[in-house]
Amino acid sequence: MTNQVLSGTVIRTARSGSTALARQRRRVLLIGVLCAAALAVLTTIALTTGEVAMSAPTALRAVIGLGDQGDVYIVQEFRAPRVVAGLIAGAGLATAGAVLQRLFRNPLASPDVMGVTGGASFGSVLVLALGASQTLIPLGALGGGMLAAVLLGTLGWRSGLSVTRLVLVGLAVQAGLAAAVNLMVVRFPRELAGQAMQWTTGSLYGRTWPEVEGAAIASALVLVVLFLRYRTLEVLDLGDDSAGTLGISVSGARLTLLLTTVALAALAAALTGPVSFVALAVPHLVRLLAGRPTVGTMAVTGLAGATLLVGCDLIVQHVLPINGLPVGVVTATVGAPWLLILMLRESSPVQRRTA
């Protein structure tokens, strides 16, 4: 009788787990479809609105080079690169934030906190300070982001990569690079200060196809690596001791995932500058709606990040009355209250008792 009761309990537990998993998969699929639909609508609006308004069929034909040459020029040279840049950067930042939060087991971990965006700002402003061509600014931003990763790995490596040490070192790196950027901006001639400020707040203005294509190819390769390494991330979720017993080199795996994620965030920052809070807020929102992290939720997180950034850029272009406002100002305005809520939640007595 006891064996029958135990077997019945096991069967019910297995069925319950299977049902919960199926429910989550349906929820993830629904969120993904909704994000894709919203992104399609936002992309259509971005391609059709502006000083020269055009219908959706006209804009879509212009994307592939058909129709009036004036419409083709406007869409292909100005609107489409800006939209695609928003897609790439939003997806890259959100995915990088999701991986960093799991890797550090810290809900406040993001490229903003770990120094990557500060490094991107430093690299782009340094290019301006040296008087180099503005076409090298994205490359400088990428180099600055990777510099932040090297500093993070070097200063954070002591008896392995502990989570707490990495977060603290990341905050120090971010603060130091931000101070260096501010010093260079203060020393700039007036005509360069505006350009420098654009690369310290994040903007999609003026993107070109060579920049977008290069970032798209590199980001796609990095994303493939991250998805191939997803099983390693799942093993690290079990804790360092459990991962070690399963044959994983914890410090090496964490360092590899960290560098790969930083490269993804740096590529996004190289395209747009340091757009704030996308990497912090979007992964939390997806977890709130979709449930526990899976490979499906990571894909949906990238889609949601792209949707958010393209939507915020539309607000900058067509809703707010201030011309030339960087999109990073809007994302920071949206994300700052979210950061405050997270900090209050993490410091609450209930959260501490359950931690």
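Residues numbered from 1 in each chain as written. Predicted model: local features only at pLDDT ≥ 70, side-chain atom pairs only at ≥ 80, totals over all residues. Heavy atoms only, no water.

(A) Looking closely at the overall build of the protein. Counting its secondary structure elements, the protein contains 16 helices and zero strands. A buried classification covers 46% of the 355 residues belonging to the protein. Summarising the internal contacts of the protein: among those between residues at least 6 apart in sequence, 75% fall at separations of at least 24. Accessible surface, the protein: about 17,500 Å² in total, of which carbon and sulfur atoms supply 67%. (Helix = DSSP H or I, 4+ residues; strand = E, 2+ residues; numbered from the N terminus. Buried < 20%, exposed > 50% of the residue type's maximum accessible area, 1.4 Å probe, protein only. Contact = heavy atoms within 4.5 Å. Areas by Shrake-Rupley, 256 points an atom, 1.4 Å probe, with all protein chains shown as cover.)

(B) Spotlight on helix 12 (residues 250-272). The end-to-end C-alpha separation of helix 12 is 33 Å, in line with the 33 Å expected for 23 residues at 1.5 Å each. Taken across its 23 residues, helix 12 has 18 buried, putting it largely inside the fold. At the exit of helix 12 stands Gly273, carrying a positive phi of roughly 85°. (Expected span 1.5 Å × (residues − 1).)

(C) Structural detail: the environment of Thr95. Structurally, Thr95 is set in helix 3 (residues 69-104). Placed 204 residues apart in sequence, Thr95 and Ala299 show a C-alpha to C-alpha distance of 7.6 Å. Beyond its immediate sequence surroundings of up to four residues, Thr95 is in contact with Leu223, Leu226, Leu264, Met298, Thr301 and Gly302.

(D) Broad picture of the nonpolar core. In this structure, Leu103, Phe104, Val125, Leu236 and Leu258 are the most contacted members of the largest nonpolar core, which totals 48 residues. Among the elements that line this core, the one with the most residues is helix 12, at 11 residues. Among residues more than four places away in sequence, those in contact with Val125 are Val181, Met184, Val185, Phe188, Ala196 and Thr200. Counting 27 residues, the second-largest nonpolar core is a separate cluster that includes Cys35, Val212, Ala215 and Val282. (Core = buried A, V, L, I, M, F, W, Y, C linked by side-chain atoms within 4.5 Å.)

(E) Inspection of the environment of Ile74 at higher detail. Along the chain, Ile74 falls in helix 3. The sequence separation of Ile74 and Ala62 amounts to 12 residues, and the corresponding C-alpha distance is 8.6 Å. With residues near it in sequence (within four places) discarded, Ile74 still touches Val52 and Arg79.

(F) Quick peek at the side chain of Thr294. Within the secondary structure layout, Thr294 lies in the loop between helix 13 (278-290) and helix 14 (295-318). The residues touching Thr294, leaving out its near neighbours within four places in the chain, are Gln24 and Tyr230.

(G) How the structure looks around helix 13. The end-to-end C-alpha distance of helix 13, which contains 13 residues, comes to 18 Å, matching closely the 18 Å that a straight helix rising 1.5 Å per residue would cover. Turning to helix 13, its buried residues are Val278, Ala279, Leu280, Ala281, Val282, Pro283, His284, Val286 and Ala290.

(H) The arrangement of the packing of aromatic side chains in detail. Per the counting criterion, the structure on display carries one aromatic pair. Between Tyr73 and Phe78 the ring centres are 5.5 Å apart and the planes differ by 80°, which places this aromatic pair in the edge-to-face class. Look at Tyr73 and you get partly exposed, because its relative accessible area is 49%. (Phe/Tyr/Trp six-rings, centres within 6.5 Å; stacked < 30°, edge-to-face > 60°.)

(I) Structural view of the packing of helix 10 (residues 230-237) against helix 12. Relative to each other, helix 10 and helix 12 sit at 130°, their axes nearing to 11 Å. By the criterion of interaxial angle, the relationship of helix 10 to helix 12 is oblique. Taken as a pair, helix 10 and helix 12 cross one another with a handedness that is left-handed. Contacts between helix 10 and helix 12 involve Thr232, Leu233 and Leu236 from the first element and Val250, Ala253, Arg254 and Leu257 from the second. Here the contact of helix 10 with helix 12 is built from residues that sort into five nonpolar, one polar and one charged. (Axes fitted to C-alpha atoms, helices over the stretch in contact; angles between N-to-C directions. Parallel < 35°, antiparallel > 145°, perpendicular 65-115°, else oblique. Left-handed = near helix turned anticlockwise from the far one by under 90°. Nonpolar A, V, L, I, M, F, W, Y, C, P; charged D, E, K, R; others polar.)

(J) Spotlight on unusual backbone geometry. For Phe277, which is not a glycine, the phi torsion comes out positive at approximately 75°. Counting through the fold element by element, Phe277 comes out in the loop between helix 12 and helix 13.

(K) Inspection of the confidence of the model for the protein at higher detail. Considering every residue of the protein, the mean pLDDT works out to 81; 87% of them sit at 70 or more. In the model, residues 350-355 has pLDDT below 50 throughout and makes four contacts with residues more than four positions away in sequence or in other chains. (pLDDT = per-residue confidence, 0-100.)

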